[in-house]
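Overview (structure and organization)
Now for the letters of each chain:
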Amino acid sequence: MQIDTQALRHALGRFSTGVTIITCRDAEGHAFGLTANSFNSLSLDPPLVLWALRCASPSRPVFEQAAHFAVNVLAADQMELSRRFASPHVDRFAEGQWSDGQGGAPVLEGAVARFECALHSAQVQGDHVLFIGQVLAVQCNDQAPLLFQAGHYHALGAKL
C-alpha cells in the first residue's frame, strides 16, 4: 500500500511535541546547534534518549562526529530562540545564556529541561538518522514548555 507523504506529514503534525535545541561541538570545538522537535525518551535503565535528523541535513556530519550532545527543552518564553536556531543565523549562540555541559556541549540557562548526553549510536532509519544518547546529567524546572503542533507554536493549556 502506498502512503501519500503529504497526508502522512499532515497527520503526524497533529501530534503535539515539545521544542528543543540540540547542541554539540564541531571538530574544531565551535558550538553548534539546531532546533528539533523529534526528541523522545528511549530507556530509563540505561538512561537513553533519542532524536532524529534528516539524512540530507548539512548538520548531519557535525552531529555524527560529536562524542557528546545536549538536548535543551525550551520554555514557552523561548520561542524566538527556537526560531533563531531554525534559521541560518551566523552566530546562533549570540542570544540566550549558554555554558558548557558534558563534553563541552552547550547547555541553555532557563530551559525547561536539559539532557547532557554521550553519543551512544547514530543509525540511519528511512530518510533520517536516529541519534541515541546516554544521559550523563539532567536538570529540570517547573516552567511551562514551548509546544509545537500542526506547524505552529503553542503554549501549554490548563491541566485536565
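Read on for an overview of the structure. (Residues numbered from 1 in each chain as written. Predicted model: local features only at pLDDT ≥ 70, side-chain atom pairs only at ≥ 80, totals over all residues. Heavy atoms only, no water.)

1. As for the pattern of salt bridges
One pass over the structure, following the stated rule, counts four salt bridges. In this structure, R83 and E80 form a salt bridge, with 2.9 Å as the shortest nitrogen-oxygen distance. Of this pair, R83 and E80 both sit in helix α3 (residues 79-85), three residues apart, roughly one helical turn. We classify R83 as partly exposed; its relative accessible area is 39%. (Salt bridge = Lys/Arg side-chain N within 4 Å of Asp/Glu carboxyl O. Helix = DSSP H or I, 4+ residues; strand = E, 2+ residues; numbered from the N terminus. Buried < 20%, exposed > 50% of the residue type's maximum accessible area, 1.4 Å probe, protein only.)

2. Brief notes about the side chain of R84
Note that R84 resides in helix α3. Not counting residues up to four positions away in its chain, the partners in contact with R84 are H89, D91, R92, A94 and E95. (Contact = heavy atoms within 4.5 Å.)

3. Some points on the packing of aromatic side chains
Throughout the structure, instances matching the rule amount to 10 aromatic pairs. Between F32 and F63, the aromatic rings sit 5.6 Å apart at their centres with planes inclined by 70°, giving edge-to-face as the arrangement. Taken together, the residues F32 in strand β3 (residues 31-36) and F63 in helix α2 (residues 60-65) connect sequence positions 31 residues apart. In this structure F63 comes out as buried when scored by relative accessible area, which is 2%. Note on W51 and F131: the rings are 4.8 Å apart at their centroids and 15° apart in plane angle, and the pair reads as stacked. One end of the pair, W51, is in strand β5 (residues 48-54); the other, F131, is in strand β10 (residues 128-140), and 80 residues separate them in sequence. Overall, the relative accessible area of 0% leaves F131 in the buried class. Of the aromatic side chains, those joined through ring pairs into one cluster are F32, W51, F63, F69 and F131. (Phe/Tyr/Trp six-rings, centres within 6.5 Å; stacked < 30°, edge-to-face > 60°.)

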